[in-house]
Amino acid sequence: MLDNTILVKTAAGRLEIDERKLKIGARQRMVLISINGERTIESIRTQFIAINDISALLDELMGLGLVEIADATLALETGAAAALPDFSPPGSPVAQAVAKPVEKPVAKPVVAAHAAGNDGYVQAREYMSRVLSAKVGLRAFLFTQKVDKSDSAEALRELLPEFRRLLRKSLDASGVAEFSAHAEELLG
């Protein structure tokens, strides 16, 4: 991520601060609390100079879905403008690159993108992601991305064996069976 990128807490991040359900580490919690939607990654690095790899902590928080990039297009535009070389003739006033706000694209809600016939699929996808994040944590990060990118109920059904395997790392057989059965029920 660029140093001028601004991060914001997600709803899950705000909930984690209040309820402490994910049991994140003290360093992660301090960094999560410091993210306010106004500070850049560079200022967060400066504040936590004693933490050697702040980027890894930020990546973990993003992987858990606790933070997200506030406005990626503005950060990229600002970074690109700041990196432009100065081609003005010597002695002339230096032109300052000014980042202009870029309209943030409006994302269509996932539920609206999938018609009423796929409500079970959408619920199953969200349920599987939440369960993996809460019960398995970062060990399931890459698989959770596969679940989030799945585009049909059939694709999710194909991921169920791996879903069960990952849950076995953290839960007993009855817990795995319960979560798996609920996911299958949502898929229909």
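Report follows, based on the coordinates. (Residues numbered from 1 in each chain as written. Predicted model: local features only at pLDDT ≥ 70, side-chain atom pairs only at ≥ 80, totals over all residues. Heavy atoms only, no water.)

**Notes on empty space enclosed by the protein**
Right, on to step 1. Under the criterion given, the structure shown has one cavity of 30 Å³ or more.
Right, on to step 2. Along the walls of the largest cavity sit Gly63, Leu64, Ser133, Gly137, Leu138, Phe141 and Thr144, which together make up its complete lining. (1 Å grid on protein atoms, 1.4 Å probe; cavity = no way out; pocket = protein on both sides within 12 Å on 5 of 7 lines; lining within 4 Å. Points joined across faces, edges and corners; volume = space filled by probe spheres on them.)

**A few points about helix H9 (residues 153-168)**
Right, on to step 1. Helix length check: H9 (16 residues) gives 23 Å between terminal C-alpha atoms against 22 Å at 1.5 Å per residue, within 8%.
Right, on to step 2. In the structure, H9 departs most strongly from a straight axis at Leu159, where the bend amounts to approximately 40° and where the proline Pro161 lies between one and four residues downstream.
Right, on to step 3. Within H9 the residues assigned to the buried category are Leu156, Leu159, Leu160, Phe163, Leu166 and Leu167.
Right, on to step 4. For H9, the elements touching its buried residues are helix H7 (119-136), helix H8 (141-149) and helix H10 (173-187). (Helix = DSSP H or I, 4+ residues; strand = E, 2+ residues; numbered from the N terminus. Expected span 1.5 Å × (residues − 1). Bend = angle between axes of the 7 residues up to and from the residue. Buried < 20%, exposed > 50% of the residue type's maximum accessible area, 1.4 Å probe, protein only. Contact = heavy atoms within 4.5 Å.)

**A look at the packing of helix H2 (residues 26-34) against helix H4 (residues 54-63)**
Right, on to step 1. Packing of H2 against H4 leaves a shortest axis separation of 10 Å and a crossing angle of 80°. The pairing of H2 with H4 is recorded here as roughly perpendicular in orientation. Across the interface between the two elements, Arg27, Gln28, Val31 and Leu32 of H2 pack against Ile54, Leu57, Leu58, Glu60 and Leu61 of H4.
Right, on to step 2. For the contact of H2 with H4, the residue count by class is six nonpolar, one polar and two charged. (Axes fitted to C-alpha atoms, helices over the stretch in contact; angles between N-to-C directions. Parallel < 35°, antiparallel > 145°, perpendicular 65-115°, else oblique. Nonpolar A, V, L, I, M, F, W, Y, C, P; charged D, E, K, R; others polar.)

**Notes on the environment of Arg157**
Right, on to step 1. With respect to the helices, strands and loops of the structure, Arg157 is situated in helix H9.
Right, on to step 2. Overall, the relative accessible area of 31% leaves Arg157 in the partly exposed class.
Right, on to step 3. Note: C-alpha distance between Arg157 and Ala183 (26 residues apart in sequence) is 9.1 Å.
Right, on to step 4. Here Arg157 is in contact with Leu187 and Gly188, once residues within four sequence places are set aside.

**Some words on the layout of surface pockets**
Right, on to step 1. Of the volumes computed, that of the largest pocket is approximately 650 Å³.
Right, on to step 2. Along its surface, the largest pocket is lined by 23 residues, and Ala12, Leu64, Gly65, Leu66 and Ser133 are the ones closest to its centre.
Right, on to step 3. Mapped onto the lining of the largest pocket, the elements with two or more residues apiece are helix H1 (11-19), H4, strand S2 (67-69), H7 and H8.
Right, on to step 4. For the lining of the largest pocket, the leading source of residues is H8, giving five residues.
Right, on to step 5. When grouped by side-chain class, the residues that make up the lining of the largest pocket number nine nonpolar, seven polar and seven charged.

**Remarks on the packing of H8 against H9**
Right, on to step 1. One can describe the packing of H8 onto H9 by two numbers: an axis separation of 11 Å at closest approach and a directional angle of 160°. Regarding the angle of H8 to H9, the classification is roughly antiparallel. Classified by chirality, the crossing of H9 by H8 is left-handed. Of the residues in H9, those in contact with Phe143, Lys146 and Val147 of H8 are Leu156, Leu159, Glu162, Phe163 and Leu166.
Right, on to step 2. A breakdown of the residues in the contact of H8 with H9 according to their chemical character gives six nonpolar, no polar and two charged. (Left-handed = near helix turned anticlockwise from the far one by under 90°.)

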